[in-house]
Amino acid sequence: MTATGLRASALLCLSLSTGLMGMTPAHAARDDANKPLSVSAEKGGRLDVVRQRTELNGNVILSRGSMQLKAERMDIQEGADGFYLAYAQGETGKPVSFRQDRDVAGESIQGYADQLEYDGRADTVRFIGNAVVRRMRGTVVVDEVSGAVIVYDNRTEVFGVEGGQGALQPNGRVRLVMSPRGSASAPAPAASTPSLQLQPSPGLQPQRKTP
């Protein structure tokens, strides 16, 4: 089922954990938040010990448990509370990519965008510009959301989606593609297809510029 007739300026809130995208209640890999953060890069970078800020360039890979973030450039800042903020940028033809396992065997969340912001304290990922986020079952795309900005909350598995300039769809439209509950490919009877419930998302904020 697809939903493309949404205004470009719409702000939407979609809860994956309640089955709005055909999911059973589950969450991202719960133990990832307790794993150490690891970063590597091909071209090196700059470490500012006083400001607790690290800048890396060239195929930068940030990982934490099953979570993996890849970008051409990344700025990582450690707060006084020990949590990290990561600002990632891609380049033409090579967007930033994100992947994290779910607590459902064989399922993962994967996303792509021009820029990405990872907030370790809030455990959120913000995809900015030509954003696409998918729920995968192995190599099969089960559900997909695209828009100008997508904010993914790892703890609650709730997406905030914003259309407008920077969206992949014509006229900046938000697009949702959802497989029937319980199947990634077989169509479900019309009577059993759950209705899609969309609500305004007051938590979405205007796009912030990457340092």
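By convention here, each chain's residues receive numbers from 1 onward along its written sequence. Predicted model: local features are reported for residues with pLDDT of at least 70 only, side-chain atom pairs are reported and counted for 80 or more only, and whole-chain, interface and lining totals are derived from all residues. The basis for the side-chain values is all heavy atoms of the structure; hydrogens and waters are excluded.

A short note on the overall build of the protein
Then, number 1: Counting its secondary structure elements, the protein contains zero helices and 14 strands.
Then, number 2: Beginning at the N terminus, the succession of helices and strands in the protein can be written as β-β-β-β-β-β-β-β-β-β-β-β-β-β.
Then, number 3: Each residue is placed in one exposure class: buried if its accessible area under a 1.4 Å probe, protein chains only, is under 20% of its type's maximum, exposed if it is over 50%, and partly exposed if it falls in between. Considering the protein as a whole, with its 211 residues, one finds that 43% of them fall into the buried category.
Then, number 4: Partitioning the contacts of the protein with sequence separation of at least 6, the portion at a separation of at least 24 is 54%.
Then, number 5: Taken as a whole, the protein presents about 10,800 Å² of accessible surface, with 50% of it coming from carbon and sulfur. Helix and strand assignments follow DSSP, with helices taken as H or I runs no shorter than four residues and strands as E runs no shorter than two, numbered in order from the N terminus. Residue contacts are defined here by distance: any two heavy atoms, one from each residue, within 4.5 Å place the two residues in contact. To be clear on the numbers: accessible area is Shrake-Rupley with a 1.4 Å probe, and residue cover counts the displayed protein chains and nothing else.

Examining the packing of aromatic side chains
Then, number 1: By convention, a stacked pair of Phe, Tyr or Trp rings (six-membered ring in the case of Trp) has centres within 6.5 Å and planes under 30 degrees apart, an edge-to-face pair has planes over 60 apart, and any other such pair is tilted. Counted under the stated rule, the structure contains two aromatic pairs.
Then, number 2: A centroid spacing of 5.8 Å and a plane angle of 85° characterise the contact between Phe98 and Phe127, whose relative ring orientation is edge-to-face. Here Phe127 lies in strand β11 (residues 124-137) and Phe98 lies in strand β8 (residues 96-101), a separation of 29 residues in the sequence. When sorted by exposure, Phe98 lands in the same class as Phe127, which is buried.

As for the side chain of Ser108
Then, number 1: Among the structural elements, Ser108 can be located in strand β9 (residues 107-113).
Then, number 2: Note on Ser108: relative accessible area 1%, which makes it buried.
Then, number 3: Residues adjacent in sequence count toward polar contacts only when both atoms are side-chain atoms; beyond that, a polar contact is any pair of N or O atoms within 3.5 Å, and within protein one must be able to donate a hydrogen and the other to accept it. Separated by 3.3 Å, the side chains of Ser108 and Gln110 make a polar contact.
Then, number 4: The residues touching Ser108, leaving out its near neighbours within four places in the chain, are Arg99, Gln100, Asp101, Arg102, Arg134, Arg135 and Met136.

Some details on the pairing of β8
Then, number 1: Whether two strands pair depends on DSSP finding at least two bridges between them. Alignment of strand β6 (residues 67-78) against β8, held across three bridges, turns out to be antiparallel. Directly across from Lys70, in β8, lies its bridge partner Ser97.
Then, number 2: Adjacent in sequence and paired antiparallel, β8 and β9 are bridged by five residues, among which Gly106 carries a positive phi angle near 85°.

As for the nonpolar core
The nonpolar side chains of soluble globular proteins are, as a tendency, buried together.
Then, number 1: To define a nonpolar core, start from buried Ala, Val, Leu, Ile, Met, Phe, Trp, Tyr and Cys residues and group those joined through side-chain atoms within 4.5 Å. In this structure, Met74, Phe98, Leu116, Phe127 and Ile150 are the most contacted members of the largest nonpolar core, which totals 28 residues.
Then, number 2: A per-element tally of this core places β6 first, with five residues.
Then, number 3: Those residues in contact with Phe98 that lie beyond four places of it in its chain are Met67, Gln68, Ile109, Gln110, Gly111, Leu116, Val125, Phe127, Tyr152 and Asn154.

Observations concerning the environment of Gly172
Then, number 1: Checked against the element boundaries, Gly172 lands in the loop between β13 (158-162) and β14 (175-178).
Then, number 2: Classification of Gly172 by relative accessible area gives buried; the value is 8%.

Here's the deal with the environment of Met178
Then, number 1: Inspection of the secondary structure puts Met178 in strand β14.
Then, number 2: For Met178, a relative accessible area of 7% puts it in the buried group.
Then, number 3: Along the sequence, Met178 and Val142 sit 36 residues apart, while their C-alpha atoms lie 6.7 Å from each other.

Details of the pattern of salt bridges
Then, number 1: Salt-bridge detection follows one rule: a side-chain nitrogen of Lys or Arg within 4 Å of a carboxyl oxygen of Asp or Glu. Evaluation of the coordinates by the stated rule reveals 12 salt bridges.
Then, number 2: In this structure, the salt-bridge partner of Glu55 is Arg53, at a minimum N-O distance of 3.6 Å.
Then, number 3: Linking Glu107 and Arg137 is a salt bridge whose minimum nitrogen-to-oxygen distance equals 3.4 Å. Highlighted residues: Glu107 in strand β9 and Arg137 in strand β11, separated in sequence by 30 residues.

Remarks on the environment of Arg173
Then, number 1: Mapped onto the fold, Arg173 is located in the loop between β13 and β14.
Then, number 2: Along the backbone, Arg173 and Gly147 are 26 residues apart, and their C-alpha atoms lie at a distance of 6.7 Å.

A few points about unusual backbone geometry
With glycine set apart, most residues show a phi of negative sign, and most peptide bonds adopt trans.
Then, number 1: Despite not being glycine, Gln52 has its phi angle at roughly 50°, a positive value.
Then, number 2: Topologically, Gln52 is positioned in the loop between β4 (45-48) and β5 (53-64).
Then, number 3: Accessibility expressed as a relative area gives 35% for Gln52, which makes it partly exposed.
Then, number 4: Despite not being glycine, Asn59 shows a phi value in the positive range, around 45°.
Then, number 5: Mapped onto the elements of the fold, Asn59 is located in strand β5.

Honestly, that's just the spatial picture; any functional story needs more than this.
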